[in-house]
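Summary of the model geometry
Below, each chain spelled out in residue letters.
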Amino acid sequence: MPSENQGTELDLSWLTKVQVNGSAVARRAEQIQARRALKKDCQAAWLLRAVTFIDLTTLSGDDTPSNVQRLCYKAKHPIPEDLLEALNLHDKGLSTAAVCVYPARVRDAVKALQAAGAHIPVASVATGFPAGQTHLKTRLEEIRMAVADGASEIDVVINRTLVLTGQWEALYDEIRQFRQACGDAHLKTILATGELGSLTNVYRASVVAMMAGSDFIKTSTGKETVNATLPVALVMMRAIRDYFWKTGIKVGFKPAGGIRTAKESLSWLALVKEELGGQWLRPQLFRIGASSLLSDIERQIYHHVTGRYAAHHDLPPA
């Protein structure tokens, strides 16, 4: 499906006018974290909804075709069938939003999903993930190869140097080339916000990425010292909202890195709903990049159904 965001001309005047109030952002993030927890049926419903936003991810140096195959099976069957039957949801086709792998493992993922009869997108990281410090020609070729192998979503990393030195035209041009290399594949631009130096830079990089044609903006690679945080997410969502008001184009949001518990996932859903609205709470506009989050959601659903927490042998390994 072609990109819905073809981008706009670079508007440097937008960037120069921006200053982010860090104290106000921190207060707003604290309000989200202080929300009272959802209970029982309502919590279970929101946790199952969170499953549908997960880009189930493996980005390890020891990835093999067999563990990618297991990941793809888990993406199609994220919650054990007996638990879904107890909730009368066994026939709803619950799955994760996508699987995310390295470019060299894209063919393995596509093959495994086809064999399982699963219509789940394959996302691939690219452009010198996670540092983004390889030559531009190499990064562009990596995108093209991942798309040729069957990836329908590409998670690119930006060259953080361009943000830290204020080279906004160069950043825009680079992402425009990423957009072109993706073809019909969706472009998800990773900002690596923990390495951008300030919340103002986070906002500016978000806006440039959207102007350049990104379908999603994503917080982190998961490899930085600081990954997805609520204050950074708040700034990125405000940029998404501003871009929508100016252009009428909805751009998606993806937090990634360090989101491991069911409780944390509910905070992210609440933030999206309050800042962007319910129309963003669908996989086309919201994703969570995670590798271990699903296991904790499983444990919480198991507790909801049985009234006790699962022993190690009660749930299948991820």
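Residues numbered from 1 in each chain as written. Predicted model: local features only at pLDDT ≥ 70, side-chain atom pairs only at ≥ 80, totals over all residues. Heavy atoms only, no water.

**Remarks on the overall build of the chain**
To keep it simple, the criterion reads: Runs of H or I in DSSP of at least four residues are treated as helices and runs of E of at least two as strands, each being numbered from the N terminus. We compute the radius of gyration over the C-alpha atoms and compare it with the globule rule, which gives 2.2 Å times the number of residues raised to the power 0.38. In this scheme, a residue with accessible area under 20% of its type's maximum is buried, one over 50% is exposed, and one in between is partly exposed, where area comes from a 1.4 Å probe on protein chains only. Per-residue and other accessible areas follow the Shrake-Rupley method at a 1.4 Å probe size, with only the shown protein chains counted as cover for residues. Only four residue types enter the charge count, namely Lys and Arg as positive and Asp and Glu as negative; His and the chain termini do not. One atom stands in for each charge, and that atom is NZ of Lys, CZ of Arg, CG of Asp or CD of Glu.
Of the regular secondary structure elements, the chain holds 13 helices and eight strands. Compactness check: the chain gives a C-alpha radius of gyration of 19 Å against a globular reference of 20 Å for 318 residues, within 12% of the reference. Overall size of the chain, expressed as C-alpha extent along the three principal axes, is 55 × 45 × 35 Å. Every one of the 318 residues in the chain was classed for burial, and the buried ones make up 52%. Per element, the accessible surface of the chain, about 14,400 Å² overall, is 50% carbon and sulfur. On the chain, the mean spot of the 37 positive side-chain charges and the mean spot of the 32 negative ones are 4 Å from each other.

**A look at the packing of aromatic side chains**
Note the cut-off: In this analysis, rings of Phe, Tyr and Trp, with Trp reduced to its six-membered ring, are considered paired at centre separations within 6.5 Å, and the interplanar angle assigns stacked below 30 degrees, edge-to-face beyond 60, and tilted for intermediate values.
Counted according to the given criterion, the structure contains five aromatic pairs. Ring centres of Tyr102 and Phe129 lie 6.0 Å apart, and the angle between their planes is 75°; on these two criteria the pair is classed as edge-to-face. On the criterion of sequence distance, the pair formed by Tyr102 in the loop between strand E2 (98–101) and helix H6 (106–116) and Phe129 in the loop between strand E3 (122–126) and helix H7 (136–148) is long-range, its members being 27 residues apart. Its relative accessible area of 12% is what places Phe129 among the buried residues.

**Some thoughts on a negative patch on the surface**
This is how the line gets drawn: Patch criteria: residues need more than 30% relative accessible area and no salt bridge. Like-charged residues are merged within 9 Å; nonpolar side chains of Val, Leu, Ile, Met, Phe, Trp and Tyr are merged within 5 Å. One side-chain nitrogen of Lys or Arg within 4 Å of one carboxyl oxygen of Asp or Glu is enough to make a salt bridge.
Together, Glu81, Asp82, Glu85 and Asp91 make up a region of like negative charge exposed at the surface. Within the element layout of this structure, Glu81 appears in helix H5 (residues 81–86).

**Overview of the pattern of salt bridges**
All told, the structure shown has 21 salt bridges when counted by the stated rule. Taking the shortest distance from any N to any O, the salt bridge between Arg287 and Asp55 comes out at 2.8 Å. A residue pair is termed long-range when its members are at least 10 positions apart, and Arg287 in the loop between helix H12 (262–275) and strand E8 (288–290) and Asp55 in strand E1 (residues 54–57) qualify at 232 residues. No difference in accessibility class separates Arg287 from Asp55, as the two residues are buried. Its salt-bridge partner being Arg139, residue Glu174 comes within 3.1 Å of it at the nearest N-O pair. Of the two residues, Glu174 sits in helix H9 (residues 168–182) while Arg139 sits in helix H7, which places them 35 residues apart along the sequence. Judged by relative accessible area, which is 6%, Glu174 ranks as buried. On the accessibility criterion, Arg139 (4% relative accessible area) is buried. Connected through shared salt-bridge partners, Asp55, Glu153, Asp155, Lys188, Lys218, Lys254 and Arg287 make up one network.

**Focus on helix H11 (residues 230–247)**
Counted only if it meets this: In a helix, the anticipated span is given by 1.5 Å times the number of residues less one. When checking whether two residues touch, look at their non-hydrogen atoms; a contact exists if any pair is within 4.5 Å.
For H11, spanning 18 residues, the distance from its first C-alpha to its last is 25 Å, which sits close to the expected 26 Å at 1.5 Å a residue. All buried positions along H11 are accounted for by Leu230, Val232, Ala233, Leu234, Val235, Met236, Met237, Ala239, Ile240 and Tyr243. Considering only its buried residues, H11 is in contact with helix H1 (12–16), helix H2 (22–33), helix H10 (199–211), strand E6 (216–218), strand E7 (252–254) and H12. Phi turns positive, to about 80°, at Gly248, one or two residues after H11.

**Here we look at the UniProt feature "active site" (unreviewed entry) in the chain**
What counts, and what does not: UniProt positions are given in the numbering used here, feature names are shortened, and annotations may be inferred rather than shown by experiment.
Here the UniProt feature "active site" (unreviewed entry) sits at Lys218 and Lys254. On the basis of their most widely separated C-alpha atoms, the annotated residues across 37 residues gather in one place, lying no more than 4.5 Å apart. Inspection of the secondary structure puts Lys218 in strand E6. On the accessibility criterion, Lys218 (4% relative accessible area) is buried. When neighbours within four sequence positions are excluded, Lys218 is seen to be in contact with Asp155, Thr189, Ile190, Leu191, Ala192, Met236, Lys254 and Ala256. Its location among the elements puts Lys254 in strand E7. Looking at Lys254, the relative accessible area reads 0%, which means it is buried. For Lys254, the contacting residues outside a window of four places in its chain are Asp55, Asp155, Lys188, Phe216, Ile217, Lys218, Thr219, Arg287, Ile288 and Gly289.

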